[in-house]
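# An overview of the molecular structure
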Amino acid sequence: MAINAHETIEDHWRYNCEDCVRTREIGEVSARVIEQLGLQEVERFQQEFFWPVLQCMIRGVRIDKSLRQSMALTLHDEIAQREQWLRDVLGHPLNPRSPVQMKALFYEDLRCKPNWSKPKPGEPRTLTCDDHALEKMAHEEPLLAPIIRTIQEYRSLGVFLGTFVNAPLDIDDRMRTSYNICGAETFRFSSSENAFGSGTNLQNIPMGGEDDDGGLVLPNVRRLFIPDDGFIIFDTDLSKADLRIVAWEAGEGEMKAMLKEGRDPYVETAREFHKDPTITKNSPQYRTFKSFCHGTHYLGTPHGLAQRLGITVRDAERTQKWYLGKYLAIARWQEDFKRKVASRRYVENVFGYRRYYFDRVDEAMFREAIAWVPQSTVALYINRIWMNIYKNLPHIQILLQVHDSLVGQFPSHRQDECIKQIMECGQIVLPYE
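Residues numbered from 1 in each chain as written. Predicted model: local features only at pLDDT ≥ 70, side-chain atom pairs only at ≥ 80, totals over all residues. Heavy atoms only, no water.

## With respect to unusual backbone geometry
Which entries qualify depends on this criterion: Secondary structure counts use DSSP, requiring at least four H or I residues in a row for a helix and at least two E residues in a row for a strand, with both numbered from the N terminus.
Of note, Phe187 is a non-glycine position whose phi angle comes to about 70 degrees, a positive value. Tracing the backbone shows Phe187 in the loop between strand E3 (178-180) and strand E4 (190-192).

## Observations regarding helix H11 (residues 284-297)
The condition is simple: Under the convention used throughout, the expected extent of a helix is 1.5 Å for every residue step, that is, one less than its residue count. Here's how the labels work: a residue is buried when its accessible area is under 20% of the maximum for its type, exposed when over 50%, partly exposed in between, all with a 1.4 Å probe on protein chains only. The criterion used for residue contact is that any of the two residues' heavy atoms lie within 4.5 Å.
The terminal C-alpha atoms of H11, which comprises 14 residues, lie 21 Å apart, in line with the 20 Å expected from a rise of 1.5 Å per residue. The complete set of buried residues in H11 reads Tyr286, Phe289, Phe292, Cys293, Gly295, Thr296 and His297. Residues of H11 that are buried sit in contact with helix H8 (241-250), helix H10 (265-274), helix H12 (302-309), helix H13 (313-326), helix H14 (328-344) and helix H15 (363-392). Leu299 occupies a position one or two residues after H11 and carries a positive phi of about 65 degrees.

## A short note on the nonpolar core
Side chains of a nonpolar character, in soluble globular proteins, are inclined to be buried together. Which entries qualify depends on this criterion: We call a set of buried Ala, Val, Leu, Ile, Met, Phe, Trp, Tyr and Cys residues a nonpolar core when their side-chain atoms join them within 4.5 Å.
Core analysis: the largest hydrophobic core is formed by 95 residues, its most contacted members being Phe225, Ile330 and Leu400. Take this core: its biggest share by element is 15 residues, from H15. Ignoring any residue separated from it by four or fewer positions in sequence, one finds Leu400 in contact with Cys56, Val61, Tyr179, Leu202, Ile205, Phe225, Ser405, Leu406 and Val407. Core analysis: the next-biggest nonpolar cluster, separate from the first, contains 17 residues, Leu94, Met102, Ala133 and Met137 among them.

## Overview of the side chain of Asp228
Heads up, the condition is: Any N or O atom pair separated by 3.5 Å or less is treated as a polar contact, with the protein-specific requirement of one donor-capable and one acceptor-capable atom, and with residues adjacent in sequence counted only for side-chain atom pairs.
Within the element layout of this structure, Asp228 appears in the loop between strand E7 (225-226) and strand E8 (231-237). A distance of 2.8 Å separates a polar atom in the side chain of Asp228 from a polar atom in the side chain of Arg174. If we ignore the near neighbours within four places in the chain, the residues touching Asp228 are Arg62, Arg174 and Gln409.

## Side note on the pattern of salt bridges
Just so we agree on the cut-off: A carboxyl oxygen of Asp or Glu within 4 Å of a side-chain nitrogen of Lys or Arg is what we treat as a salt bridge.
Evaluated as defined, the whole model comprises 31 salt bridges. Note that Arg24 is salt-bridged to Glu28, the shortest N-O span being 3.0 Å. Here Arg24 pairs with Glu28, and both are found in helix H1 (residues 9-36), just four residues apart, close to one helical turn. A salt bridge links Arg414 to Glu417; the nearest nitrogen and oxygen atoms lie 3.0 Å apart. What makes Glu417 partly exposed here is its relative accessible area of 36%. Via salt bridges that share partners, Glu41, Arg44, Glu48 and Lys391 belong to a single interconnected network.

## A look at the packing of H14 against H15
In helix packing, the relevant descriptors are the interaxial angle and the interaxial distance, both defined with respect to the helix axes. Going by this rule: To get an axis, fit a line to the C-alpha atoms, keeping to the stretch in contact for a helix; angles then go from 0 to 180 degrees between the N-to-C directions. Oblique is the label for every angle not falling under 35 degrees (roughly parallel), over 145 degrees (roughly antiparallel), or within 65 to 115 degrees (roughly perpendicular).
Their axes nearest at 10 Å, the elements H14 and H15 cross at an angle of 110 degrees. Here H15 runs roughly perpendicular to H14, going by the angle between their axes. Packed against H14, whose contacting residues are Trp333, Gln334, Phe337, Lys338, Val341 and Ala342, the element H15 presents Glu363, Met365, Phe366, Ala369, Ile370 and Val373 at the interface.

## Some words on a nonpolar patch on the surface
Formally: Each patch is built from salt-bridge-free residues with over 30% relative accessible area, joining like charges within 9 Å and nonpolar side chains (Val, Leu, Ile, Met, Phe, Trp, Tyr) within 5 Å. Here the accessible surface of atoms and residues is derived via Shrake-Rupley with a 1.4 Å probe, and residues count as covered only by protein chains that are part of the display.
Together, Val29, Val33 and Leu37 give the surface a local cluster of nonpolar side chains, amounting to about 200 Å² of exposed area. Within the element layout of this structure, Val33 appears in helix H1.

## Some remarks on the sheet that holds strand E11 (residues 397-401)
Heads up, the condition is: Strands were regarded as paired on the criterion that DSSP finds at least two bridges between them.
On the basis of which strands lie adjacent, the open sheet formed by three strands has the order E8-E12-E11 and antiparallel pairing. Looking at strand neighbours, the two that pair on one side only are E8 and E11, the edges of this open sheet. Within the sheet, the average angular offset between the axes of one strand and its neighbour, ignoring direction, is 25 degrees. When E11 meets strand E12 (residues 405-411), the two strands line up antiparallel, connected through four bridges. When the sheet's bridge partners are listed, Ile398 is paired in E12 with Gly408. Its contacts with the sheet put H15 on E11 and E12, and the angle it makes with E11 is roughly 160 degrees.

## Quick word on the state of the cysteines
The criterion, for reference: Only a pair of cysteine sulfur atoms within 2.5 Å counts as a disulfide in this structure description.
Throughout the structure, instances matching the rule amount to zero disulfides. Cys129 forms no disulfide, and the closest cysteine sulfur to it belongs to Cys112, at a distance of 8.3 Å. Overall, the relative accessible area of 8% leaves Cys129 in the buried class. Between Cys182, a free cysteine, and Cys56, which holds the nearest cysteine sulfur, the sulfur-to-sulfur gap is 16 Å.

## Focus: the packing of aromatic side chains
Note the following rule: Side-chain rings of Phe, Tyr and Trp, where Trp is taken by its six-membered ring, are said to pair if the distance between their centres is within 6.5 Å; with planes under 30 degrees apart they count as stacked, over 60 as edge-to-face, and otherwise as tilted. Only Lys NZ and Arg CZ are tested; either one counts as a charge over a ring when it is within 6 Å of the ring centre and within 35 degrees of the ring normal.
In this structure the tally under the stated criterion is 16 aromatic pairs. Ring centres of Phe289 and Tyr323 lie 6.5 Å apart, and the angle between their planes is 75 degrees; on these two criteria the pair is classed as edge-to-face. Residue Phe289 is found in helix H11, and its partner Tyr323 is found in helix H13; the two are separated by 34 residues along the sequence. Neither residue differs from the other here; Phe289 and Tyr323 are each classed as buried. When the ring of Tyr346 is compared with that of Tyr356, the centres are 5.1 Å apart and the planes differ by 40 degrees; the resulting orientation is tilted. You can see Tyr346 sitting in strand E9 (residues 346-348) and its partner Tyr356 sitting in strand E10 (residues 354-356), a full 10 residues away along the chain. Overall, the relative accessible area of 15% leaves Tyr346 in the buried class. On the accessibility criterion, Tyr356 (28% relative accessible area) is partly exposed. Among the aromatic side chains, those forming a connected cluster through ring pairs are Phe45, Phe49, Tyr179, Phe189 and Trp386. The side chain of Arg355 reaches across the aromatic face of Tyr357, ending 4.3 Å from its centre. Above the plane of the ring of Phe351 lies Arg384, whose end atom (NZ or CZ) is 4.3 Å from the centre.

In structure tokens, the structure reads:
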């Protein structure tokens, strides 16, 4: 540690000793509060879970360097093509990463209607050219749509290249990340580059594919992650996890029965609502209807859902009334949930984890609180599967935790045995009544 001219070794000893003492005092108070609130089991698991997470962070993941280089070259080429296209169309170079150049183009040269950012406390609002603003301008000025689309593609390509494909590797050519077990209020992890400045956020590795308009095809970055020699990589996730939690929290019998039978409640309900038995997961109506139901579970308003999904407020009101009329248990759960949160000022999931709210009691707080329940439950469920594997199956290595899924590897010569063991470790019964 560097010592300034006016500081002495004694100053640093005093500082570090005081830091240790205060940390110990805070720990003792925290321990008493945890006991008073009856959260000993919550604290025990979170502390114990540190060890499998540390092991995973140290292990890292092997990367296909040849494919990585190929992806990087392809992305560089695609970015260069869009730079040239913008130069030809506009008559001058444009850096879509520059807020100054973007605002000059759209608000000075093209005279678009101003789009303002949300003001931060103590700061004035500013003009913005974020994705939401670009989408709005493309809708208001259709002639600008090709330019805006090219800019959006340029930005997406840059994120794929800089954030994921070119993320720095460690000296052993493995990708690592630094997980934060307390990264989010929902008990989901957050991740970032590690202590040595390499790696990246491995919680949101994009699968790529064709975009919604059938234009740009982005690479599947997950293909870069490969097993070690003699191992097979696996990815296990929880099917319809959030929906299952909502169904069991609400005690919605019809939906629970469909899930137990292996049917998709969103498909079945969409068929009934649209009176169309041919609807599948690939049908256009399915995606919108699923998003609508998901938003409705978390107290989304007809006006908010209509704006987000591109439907009329009248249709949103009619659909939500029908949906909550069909699944009355969900509607009752929502009302009961709001009464409990308003009186207790905290929400609790089935594992006994809590989230306290000190803000004003309003609809925004209710929406945040009700979404916390399934999100936190799913995160803690997947962590318990991980803990089971860590304790009982040392030959199976977890490489990544991606919110509601685990990526790992097992010896190739034990494939059938390991698949069965992983499935058994995932048989965790949630303590619902």
